[in-house]
Amino acid sequence: MKLDPNRRQFLKNATRTVAGVCGVGVILGLQQHQANAKEGVALRPPGALPEKDFLAACIRCGQCVQACPYDMLHLASLLSPMEAGTPYFVARDKPCEMCPDIPCMNACPSGALSEELKDINDARMGLAVLLDHETCLNWQGLRCDVCYRVCPLIDKAITLENIHNDRTHIHAKLIPTVHSDACTGCGKCEQACVLEEAAIKVLPMDLAKGLLGRHYRLGWQEKQNAGKALLEEQHPDGLRPSLDARMPEGLSEPTYQHMKVKPNQKVATPSRAADDYVPRSTTVDAPEHFPDLELNTKGVK
Amino acid sequence: MAATKTTPNKPKDAGLEARQKLGWWHAYRFLILRRLSQLSVILMFLSGPLWNVWILKGNYSSSMLFDTVPLTDPLITAESLATGYLPEWTTIIGALIIVLFYAVVASKSFCSWVCPMNMVTDAAAWLRRKLGIRQTAKLPRNLRYVLLVVILAGSAVSGTLLWEWINPVAALGRVFVFGLGATLWLVAMVFIFDLLVVEHGWCGHLCPIGAVYGLIGAKSLIKVNVVDRARCDRCMDCYNVCPEPQVLRLPLHGSETDSQIILEKDCITCGRCIDVCPENVFAFGSRFEKQVHVKNIN
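For every chain, the first residue of the written sequence is number 1, and numbering continues from 1 onward in sequence order. Labels are handed out in written order, letters beginning with A for the chains and numbers beginning with 1 for the ligands. Residues qualify for local features only when their pLDDT is at least 70, as the model is predicted, and side-chain atom pairs are given and counted only at 80 or more; totals for whole chains, interfaces and linings, by contrast, use all residues. Only hydrogens and water are set aside; all other atoms, that is, all heavy atoms of the structure, feed into the side-chain values.

Caption draft 1: Layout of the overall build of chain B. Counting from the N terminus, the helices are the DSSP runs of H or I reaching at least four residues and the strands are the DSSP runs of E reaching at least two. Across its full length, chain B carries 14 helices and five strands. For chain B, whose C-alpha radius of gyration is 20 Å, the value lies close to the compact-globule estimate of 19 Å for 298 residues. A separation of at least 24 residues holds for 74% of the contacts in chain B among residues at least 6 apart in sequence. As presented, chain B carries roughly 13,200 Å² of accessible surface, and 69% of it is formed by carbon and sulfur atoms. The charged-residue count follows a simple rule in which Lys and Arg add positive charge and Asp and Glu add negative charge, with His and chain termini not counted at all. Each charge is placed at NZ for Lys, CZ for Arg, CG for Asp and CD for Glu. Placing the 29 positive and 21 negative side-chain charges of chain B at their respective mean positions leaves the two points 5 Å apart. C-alpha atoms define the radius of gyration, and 2.2 Å times the number of residues to the power 0.38 defines the globule rule. When checking whether two residues touch, look at their non-hydrogen atoms; a contact exists if any pair is within 4.5 Å. Note on areas: these come from Shrake-Rupley sampling with a 1.4 Å probe, and a residue is covered only by the protein chains present in the view.

Caption draft 2: Layout of the sheet that holds strand β1 (residues 42-43) of chain A. Residue and element names in this part refer to chain A. A pair of strands is considered paired only if DSSP assigns at least 2 bridges between the two. Read from one edge of the open sheet, three strands run β1-β3-β2, paired in antiparallel fashion. Strands at the two margins of the open sheet, each flanked by one partner only, are β1 and β2 (74-75). Here β2 runs beside strand β3 (residues 87-90); their pairing, made up of two bridges, is antiparallel. Residue pairing across strands places L75 opposite P87, the latter belonging to β3.

Caption draft 3: Molecular detail of the environment of S255(B). By the element assignment, S255(B) lies in the loop between α13 (249-253) and α14 (272-276). C-alpha of S255(B) to C-alpha of T68(B): the two residues are 187 residues apart in sequence and 49 Å apart in space.

Caption draft 4: Local environment of the sheet that holds strand β2 (residues 62-65) of chain B. All names here are of chain B. The three strands lie next to each other as β1-β2-β3, forming an open sheet whose pairing is antiparallel. Lying at the two open borders of the sheet, with one neighbouring strand each, are β1 (56-58) and β3 (69-72). Here the strands of the sheet are splayed against their neighbours by 25° on average, with no regard to which way each runs. The pairing of β1 with β2 spans three bridges and is classified as antiparallel. Counterpart to G58 in the pairing with β2 is S63. For helices, the axis comes from a line fit to the C-alpha atoms of the stretch in contact; other axes are also lines fit to C-alpha atoms, and the angle between any two N-to-C directions lies between 0 and 180 degrees.

Caption draft 5: Broad picture of the interface of chain A and chain B. Counting from both sides, the interface comprises 35 residues of chain A and, opposite them, 38 residues of chain B. What counts as buried area is the accessible surface, traced by a 1.4 Å probe, that two parts surrender upon association, with contributions from both included. Both faces considered, chain A and chain B share a buried interface measuring about 3,000 Å² in area, 64% of it formed by carbon and sulfur atoms. Counting of polar contacts relies on pairs of N or O atoms within 3.5 Å, with two restrictions inside protein: one atom must be capable of donating a hydrogen and the other of accepting it, and residues adjacent in sequence are counted only when both atoms are side-chain atoms. Summed over the shared surface of chain A and chain B, the number is nine residue pairs in polar contact (both at pLDDT 80 or more). Throughout this entry, Asp, Glu, Lys and Arg are counted as charged residues, while Ala, Val, Leu, Ile, Met, Phe, Trp, Tyr, Cys and Pro are counted as nonpolar. The remaining residues, Gly among them, count as polar. Of the residues contributing to the side of chain A that touches chain B, the split by class is 20 nonpolar, 10 polar and five charged.

Caption draft 6: Structural view of the UniProt feature "transmembrane region" (unreviewed entry) in chain B. All names here are of chain B. As annotated by UniProt and renumbered to match this structure, "transmembrane region" (unreviewed entry) occupies residues 36-56, 89-107, 143-163 and 175-198. Across residues 36-56, the secondary structure splits into 76% helix and 5% strand, with the terminal C-alpha atoms separated by 17 Å. Within residues 89-107, the helical portion is 84% and the strand portion 0%, while the C-alpha atoms at the span's ends are 26 Å from each other. UniProt positions are given in the numbering used here, feature names are shortened, and annotations may be inferred rather than shown by experiment.

Caption draft 7: How the structure looks around the packing of helix α6 (residues 117-131) of chain B against helix α9 (residues 184-197) of chain B. Residue and element names in this part refer to chain B. Two elements in contact, α6 and α9, have axes separated by 8 Å at closest approach and are oriented at 30°. Accordingly, the angle class assigned to the pair α6 and α9 is roughly parallel. Along this stretch, α6 crosses α9, giving a crossing that reads as right-handed. Every residue of α9 that contacts α6 at M117, V120, T121, A123, A124, L127 and R128 is listed here: V187, V190, F191, D194, L195, L196 and V197. Looking at the contact of α6 with α9 residue by residue, the class counts come to 11 nonpolar, one polar and two charged. An angle counts as roughly parallel when it lies under 35 degrees, as roughly antiparallel when it exceeds 145, as roughly perpendicular when it falls between 65 and 115, and as oblique in every other case. For a crossing to be left-handed, the near helix must be turned anticlockwise from the far one by less than a right angle; the clockwise case is right-handed.

Caption draft 8: Quick peek at the pattern of salt bridges. Residue and element names in this part refer to chain B. Any carboxyl oxygen of Asp or Glu that lies within 4 Å of a side-chain nitrogen of Lys or Arg is treated as forming a salt bridge with it. Here the structure, examined in full by the defined rule, presents 15 salt bridges over all chains. Across the pair R35 and D122 runs a salt bridge, and its minimum N-O distance is 2.8 Å. Of this pair, R35 sits in helix α2 (residues 24-51) while D122 sits in helix α6, placing them 87 residues apart in sequence. Throughout this description, buried means an accessible area under 20% of the type-specific maximum (1.4 Å probe, protein chains only), exposed means over 50%, and partly exposed covers the range between. Using a relative accessible area of 21% as the deciding quantity, one classes D122 as partly exposed. Notably, a salt bridge pairs K108 with E244, separated by 3.9 Å at the nearest N-O pair. Of this pair, K108 sits in the loop between α4 (89-104) and α5 (109-113) while E244 is found in the loop between α12 (237-241) and α13, placing the two residues 136 residues apart along the sequence. Classification of K108 as buried rests on a relative accessible area of 2%. On the basis of relative accessible area, E244 is assigned to the buried category, the value being 2%. In the salt-bridge network here, residues are joined through shared partners; they are K108, R141, R144, E244 and D266.

Caption draft 9: Spotlight on unusual backbone geometry. Even without glycine at this site, D145(A) takes up a positive phi of about 65°. Within the fold, D145(A) resides in the loop between β4 (127-130) and α5 (146-150). Looking at D145(A), the relative accessible area reads 4%, which means it is buried. Even without a glycine there, the phi angle at R234(B) is positive, about 55°. Classification of R234(B) as partly exposed rests on a relative accessible area of 43%.

Caption draft 10: Representation of a nonpolar patch on the surface within the structure. All names here are of chain B. Residues with no salt bridge and a relative accessible area higher than 30% make up the patches, which join like charges within 9 Å and nonpolar side chains (Val, Leu, Ile, Met, Phe, Trp, Tyr) within 5 Å. On the surface, V104, L221, I222, F284 and F288 cluster together to form a nonpolar patch covering roughly 430 Å² of accessible area. Turning to its location among the elements, F284 is positioned in strand β5 (residues 282-286). Residue classification places F284 among the partly exposed residues on the basis of a relative accessible area of 30%.

Put into structure tokens, the structure is as follows:
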């Protein structure tokens, strides 16, 4: 078959355009697919640097994945929840078994899994959070305790704390409570949670933890550290502590006066500045002019 | 001197004449050796997971040979350094070993003898020749070096390894070692791109890893030599199979003063030109042979 040159050119251009459009389509589709790929919370192996540094340091070689004796690490593909080629695990499927010799970290050639981690119990892969109080069996007053029982650092990373059971009035609820100073984020609790969807989940640290403002001080801690209360015990009026400590530098708090209030007598609040202040009036004069409500309801013409 | 052909061979018949004249093995020897080399690298990665015989641990981005010798892709190391992160010595030594090896051995020999993507793009080029797809879009050959600079600068700015999300070479390597099917889409796109959009598009125009190996191996020892220009009968088979045909022009058809050694850094030392030449014009040699040109008297 002999093709007319114009037709040949047309077919060529058409093919090329279709291929180009398909290419763009695949890229966009992949991106969409990646956005949908939420198979669970993806966590980094033990010893991983903070996420931003990790992404700069990890050279995507997968040696940690091959080193894991329990085969729980995955190497992200283009469609994974993590950057392609980087290692992750999903606790609900297979949690970290916390090998004492940390083979994944030792296999890492780049330091993305940092050698600084000497003891697997110091790993911070994430933080377990008891997210759903509405389904957690212990929160219903039952004794499930499975997350607490499976925790490799039982009674350190997860403890059971008593609270009053308001439903029965005579029982306690034993609430599994995670402590961030001990939890490694291994994910054993999430994997073991007996619910269809785990009520306790390991979240990446930056999602899981709140952070107090830098200036914030907890009074009872300051008191404990100082060995005594930091504020004056009592104010002369018997109710409030002295606020001298909160006044601007060089000023001291104005002296409070007891209010001279007598029953059935209207007075203004006395000024703090002078004892002999006499209010001019305690009532408000009737306003001379009211806005034209008629106009407002009909709208301005 | 061989008589110049009045009509050059068709691209789809590249190598046919050599096969008829010199035999099947002669016309495919370096191609077969390269495929064996590429497949044996894959096998060295796979022997561990499959049979617990660990030769290479890791993948094409970084690996451990016999659990002792680190090997690291120079580009990914450079990206990591560009972000401001100083990797552990294992990574840096691995990159130095690779740089030294490919700087000495042969120009871009990683591309032709190791890289798994070469099999994909060679297949696309072969199919392109067989289907007679000739004139398509053109890209400048230096685009890969621009891309390389963009990737390194982008890594420095973004603080991440910019290239690694989309890197189809590493992705294909991971497919073999870690079996991740989804990544094959990227590889398929490179194949389609090479087949329909730009001839030798990926390896010859875009791949920044190839660009790095080009720079590394610019002064390497093993080079393809033109043994005897006079034997060339302009059948064009070498130009048709060569993924970087611009490197052939001067050594083969240049003036008396042009070197008859293919010194151009873009040559991937694949030896396919040696295979397909029915007149035995080419041979592997060193970069130093025949530097002083002696005029052929015939």
